[in-house]
Every structure is written in C-alpha cells, then in structure tokens.
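Residues per chain, in single letters:
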Amino acid sequence: MGFLNDAKNDMLGSEAKKAHEKGRKVFTPFLNMPATQRNGSSSIDAWAEMVEAVEAEGWTLSEWSVGLDAKGKPQAYPLFRRV
C-alpha cells in the first residue's frame, strides 16, 4: 500500500464510522478505478483495501455494482449494511 492508498482507505473508514454514528443503516460509497491499475483481468487491490477499511468499521458488503465514469473508467458502487 502506498501513501495515497492509505489516505483513501483512512478517509473511507472515517466516512463509514460517521455514517454509523449518524444512525445510517446502509453505507454507499463509490470507488474509482486506481490510476495505477493495468488494463486486463486482475485483482484490484486498492478496491479490496477500501472494502476492508469499511468492514473494519462494522459494515458488511451486501451488494456490488460497477459502471463507467465520464471518462469510461470502471467505478464501483458497493452497498454496505451494518453487521
């Protein structure tokens, strides 16, 4: 993990914690494709790390959808629920 990935994971974990503190029953961030991701089929470690950061705050990944952003790059839309 690099400095930028650590910062993104910390920010996402913080947002997940705030959502719980506000009494949210679901948490719905969006995850951009990392700029360093190669084309082709492979694991997207940055997305896995982001999911882990949210789950560390007591959320469980419930649903997952992927679409394209305005530049045609994949963007994930996970839905998390409280454990």
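Attention here is on the structure that accompanies the text.

## Things to note about the overall build of the protein
Inference 1: Of regular secondary structure, the protein possesses two helices and four strands.
Inference 2: Counted from the first residue to the last, the protein has its helices and strands arranged as α-β-β-α-β-β.
Inference 3: In the protein, once contacts between residues fewer than 6 apart in sequence are set aside, the share between residues at least 24 apart is 53%.

## Looking at the packing of aromatic side chains
Inference 1: All told, the structure shown has three aromatic pairs when counted by the stated rule.
Inference 2: Their ring planes at 40 degrees and their centres at 5.9 Å tell us that Phe27 and Trp59 sit as a pair that is tilted. Taken as a pair, Phe27 in strand E1 (residues 26-27) and Trp59 in strand E3 (residues 59-68) lie far apart in primary sequence, 32 residues in all. Taken individually, Phe27 and Trp59 each receive the classification buried, so the pair is uniform in this respect.
Inference 3: Between Trp47 and Trp64 the ring centres are 5.7 Å apart and the planes differ by 65 degrees, which places this aromatic pair in the edge-to-face class. Placement of Trp47 in helix H2 (residues 45-55) and of Trp64 in strand E3 is noted, with a sequence separation of 17 residues between them.
Inference 4: Judged by relative accessible area, Trp64 falls into the partly exposed class, the value being 38%.

Calculation notes
- Residues numbered from 1 in each chain as written.
- Predicted model: local features only at pLDDT ≥ 70, side-chain atom pairs only at ≥ 80, totals over all residues.
- Heavy atoms only, no water.
- Helix = DSSP H or I, 4+ residues; strand = E, 2+ residues; numbered from the N terminus.
- Contact = heavy atoms within 4.5 Å.
- Phe/Tyr/Trp six-rings, centres within 6.5 Å; stacked < 30°, edge-to-face > 60°.
- Buried < 20%, exposed > 50% of the residue type's maximum accessible area, 1.4 Å probe, protein only.

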